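Coordinates in review
As a plain string of letters, each chain reads:
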Amino acid sequence: MADLAQALQELDPATRDRVIATLRAGDTMAALLQDAEAAQVVSSAADRLAKKRNPAIQTADDIAQRYADQVLAKVDQKLSERDKKTSQERAEAELTAKIDSLKSSENFTDEGIQGVLKLMQERGVADIDIAAREYRREHPAPNPQARMTERMRWNVEGQMQAGSEKPFFFPEDGTPSVVQDPETWAQETALKYLNNEIELPA
């Protein structure tokens, strides 16, 4: 401190006054910067002044913003991936529910479902209900009555109207009825008829 006082005394009065004023301003600034809020204001003002003089300069805020942008970009990517996964899982669940409904309420087989899904893919149909209707139109369900009549060559409807069909079509000897299993019933009944075990209804 003594050396500083001696150096000041050697200066001309005007210069000495300027140096003393600068030193006092420095002390005041150092004391001011002890307060965090004041330090932030001073730092921000200094950065603005530096940017004004040289726009290319990288301030602390510029550096911090760059890292903040990188973090936010990663967060956005994670959120986007999560939303995409959630949306895909929801779509898959809805498709599974639709398929179960087609099987239970409209009697679609696994083969039929595969046909519907193939139709959706080949024709770009997004709605499975629309695709199912189109598939049904192109692949109508066979008529079980027509199949039975074609195999048996009997006029089932006429026999049913005759009133004597119950023991014939609904046997009580353990043979499946025509309603339960048409194919087995047809085979068993044909054998019984050929063996003269039964007669055709009147």
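This structure is a prediction, so every number in the text was calculated from the model and none was measured.

1. Some remarks on the packing of aromatic side chains
- As enumerated under the stated definition, the model contains 1 aromatic pair in all.
- Measuring from ring centre to ring centre gives 6.2 Å for F108 and Y135, while their planes differ by 40 degrees; the resulting arrangement is tilted. On the criterion of sequence distance, the pair formed by F108 in the loop between helix 4 (60-105) and helix 5 (110-123) and Y135 in helix 6 (residues 128-138) is long-range, its members being 27 residues apart. Here F108 and Y135 have matching classes, each one buried.
- Over the face of the ring belonging to F108 we find R136, whose NZ or CZ atom lies 4.2 Å from the ring centre.

2. Description of the nonpolar core
- Listed in full, the 11 residues of the largest apolar core are I99, L102, F108, I113, V116, L119, M120, I128, A131, A132 and Y135.
- For this core, the secondary structure elements donating two or more residues are helix 4, helix 5 and helix 6.
- Non-local contacts of F108, meaning those with residues more than four positions away in its chain, are made with L102, K103, I113, V116, A132, Y135 and R136.

3. A word on the pattern of salt bridges
- Within the structure shown, the criterion is met by 8 salt bridges.
- Between D83 and R82 there is a salt bridge whose closest N-O contact spans 3.2 Å.
- You can call D83 partly exposed: its relative accessible area is 41%.
- Two residues, K98 and D129, come together in a salt bridge whose shortest N-O distance is 2.6 Å. Here K98, found in helix 4, pairs with D129, found in helix 6; they are 31 residues apart in sequence, far enough to count as distant.
- Its relative accessible area of 35% is what places K98 among the partly exposed residues.
- Bridged by salt links that share partners, the residues R123, E134, R137 and E138 form one connected network.

4. A closer look at the layout of surface pockets
- Of the volumes computed, that of the largest pocket is approximately 170 Å³.
- Forming the boundary of the largest pocket are 11 residues, of which T109, G112, Y135, R136 and H139 lie nearest the centre.
- Of all the secondary-structure elements, those providing two or more residues to the lining of the largest pocket are helix 5 and helix 6.
- In the lining of the largest pocket, the residues fall into 5 nonpolar, 4 polar and 2 charged.

5. Details of helix 6
- Among all positions of helix 6, only I128, A131, A132 and Y135 are buried. End-on, the buried residues of helix 6 take up no more than an arc of 100 degrees, which puts them together on one face. In helix 6, the exposed positions angled more than 90 degrees off the buried face are occupied by R133 and R137.
- The N-terminus of helix 6 is capped by D127, whose side-chain oxygen sits 2.8 Å from the backbone nitrogen of D129.

6. Digging into helix 5
- Over its 14 residues, helix 5 extends 20 Å from the first C-alpha to the last, a length consistent with the 20 Å expected when each residue adds 1.5 Å.
- Of all the positions in helix 5, only G112, I113, G115, V116, L119 and M120 are classed as buried. Here the buried residues of helix 5 occupy an arc of 160 degrees about the axis, which is enough to place them on one side. Projecting away from the buried face of helix 5 at angles above 90 degrees are the exposed residues D110, E111, Q114, Q121 and E122.
- Following helix 5 by one or two positions, G124 has its phi on the positive side, about 70 degrees.

Quick notes on the rules
- Residues numbered from 1 in each chain as written.
- Predicted model: local features only at pLDDT ≥ 70, side-chain atom pairs only at ≥ 80, totals over all residues.
- Heavy atoms only, no water.
- Phe/Tyr/Trp six-rings, centres within 6.5 Å; stacked < 30°, edge-to-face > 60°.
- Helix = DSSP H or I, 4+ residues; strand = E, 2+ residues; numbered from the N terminus.
- Buried < 20%, exposed > 50% of the residue type's maximum accessible area, 1.4 Å probe, protein only.
- Lys NZ or Arg CZ within 6 Å of the ring centre and 35° of its normal.
- Core = buried A, V, L, I, M, F, W, Y, C linked by side-chain atoms within 4.5 Å.
- Contact = heavy atoms within 4.5 Å.
- Salt bridge = Lys/Arg side-chain N within 4 Å of Asp/Glu carboxyl O.
- 1 Å grid on protein atoms, 1.4 Å probe; cavity = no way out; pocket = protein on both sides within 12 Å on 5 of 7 lines; lining within 4 Å.
- Points joined across faces, edges and corners; volume = space filled by probe spheres on them.
- Nonpolar A, V, L, I, M, F, W, Y, C, P; charged D, E, K, R; others polar.
- Arc of directions from axis to C-beta.
- Polar contact = N/O pair within 3.5 Å; in protein donor to acceptor, adjacent residues only side chain to side chain.
- Expected span 1.5 Å × (residues − 1).

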